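Chains, contacts and geometry: an overview
Spelled out from the first residue to the last, the chains are:
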Amino acid sequence: MKAHQANLFNSITLIVIGAWGAAATSLNSMTALIPVVGGILLLLCQNGVKNENKTIAHIAVVLTLILVVGLVKPFSSALSDGDNLGALRTGVMILTGLLALGAFIKSFIDARKVQS
């Protein structure tokens, strides 16, 4: 999977599943919208990532990494609370983020090989 495809998949997943999670919590906490906002920001980076703009791709990588790390605590909390659906939601968002990070890293390595 190419980096721009993984980024698009991750951003849509964050928006859709993040909105589902926020709705499931009845918006008791505005922090539930962080994945949605992050997904929108990643979606805004999509053209730059697709056009292989290095700066935008690095911004997308950093944002993706922050989102993945930020989802670990809600994932562990959902597991410890026995909230299987919440764990599934956050787990899927973590997995798509890791997939996107892998695609970004692979694209950076490939670009470095071309330069050599």
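Since the structure is predicted, the reported quantities are computational estimates derived from the model, not experimental observations. (Residues numbered from 1 in each chain as written. Predicted model: local features only at pLDDT ≥ 70, side-chain atom pairs only at ≥ 80, totals over all residues. Heavy atoms only, no water.)

Comments concerning a nonpolar patch on the surface
A cluster of nonpolar side chains, Leu-8, Ile-12, Val-16 and Leu-43, forms an exposed patch at the surface whose accessible area comes to about 320 Å². When residues of the nonpolar patch are assigned to their parent elements, the largest contribution, three residues, is made by helix H1 (residues 3-24). Looking at the element boundaries, Ile-12 is found in helix H1. Assessed through its relative accessible area of 41%, Ile-12 is described here as partly exposed. (Patch = residues over 30% accessible without salt bridge, like charges linked within 9 Å, V, L, I, M, F, W, Y side chains within 5 Å. Areas by Shrake-Rupley, 256 points an atom, 1.4 Å probe, with all protein chains shown as cover. Salt bridge = Lys/Arg side-chain N within 4 Å of Asp/Glu carboxyl O. Helix = DSSP H or I, 4+ residues; strand = E, 2+ residues; numbered from the N terminus. Buried < 20%, exposed > 50% of the residue type's maximum accessible area, 1.4 Å probe, protein only.)

A closer look at helix H4 (residues 54-81)
Its 28 residues place the ends of H4 41 Å apart at the C-alpha level, agreeing with the 40 Å of an ideal helix rising 1.5 Å per residue. Its maximal kink placed at Val-72, H4 deviates by approximately 25°, while the proline Pro-74 follows within four residues. Inspection of H4 places Ala-57, Ala-60, Val-61, Leu-63, Thr-64, Leu-67, Val-68, Leu-71 and Ala-78 among the buried residues, and these make up the whole buried set. Looking at where H4 begins, the residue whose side-chain oxygen comes 3.0 Å from the main-chain nitrogen of Thr-55 is Asn-53. Of the residues trailing H4, Gly-82 is marked for its positive phi of about 75°. (Expected span 1.5 Å × (residues − 1). Bend = angle between axes of the 7 residues up to and from the residue. Polar contact = N/O pair within 3.5 Å; in protein donor to acceptor, adjacent residues only side chain to side chain.)

Here's the deal with the side chain of Thr-64
Within the secondary structure, Thr-64 sits in helix H4. In this structure Thr-64 touches Asn-10, Leu-42, Gly-97, Ala-100, Leu-101 and Phe-104, once residues within four positions along its chain are discounted. (Contact = heavy atoms within 4.5 Å.)

Quick look at the side chain of Thr-96
In this structure, Thr-96 sits in helix H5 (residues 84-115). Judged by relative accessible area, Thr-96 falls into the buried class, the value being 6%. Engagement of the side chain of Thr-96 in a polar contact is seen with the side chain of Asn-10, the distance being 2.9 Å. Those residues in contact with Thr-96, other than ones at most four positions away along the chain, are Phe-9, Asn-10 and Thr-13.

Topic: the packing of aromatic side chains
Taken as a whole and assessed by the stated rule, the structure comprises one aromatic pair. The aromatic ring of Trp-20 is capped on one face by Arg-89, whose charged end is 5.1 Å from the ring centroid. (Phe/Tyr/Trp six-rings, centres within 6.5 Å; stacked < 30°, edge-to-face > 60°. Lys NZ or Arg CZ within 6 Å of the ring centre and 35° of its normal.)

So, to be careful, I would describe these as geometric facts and stop short of saying anything about function.
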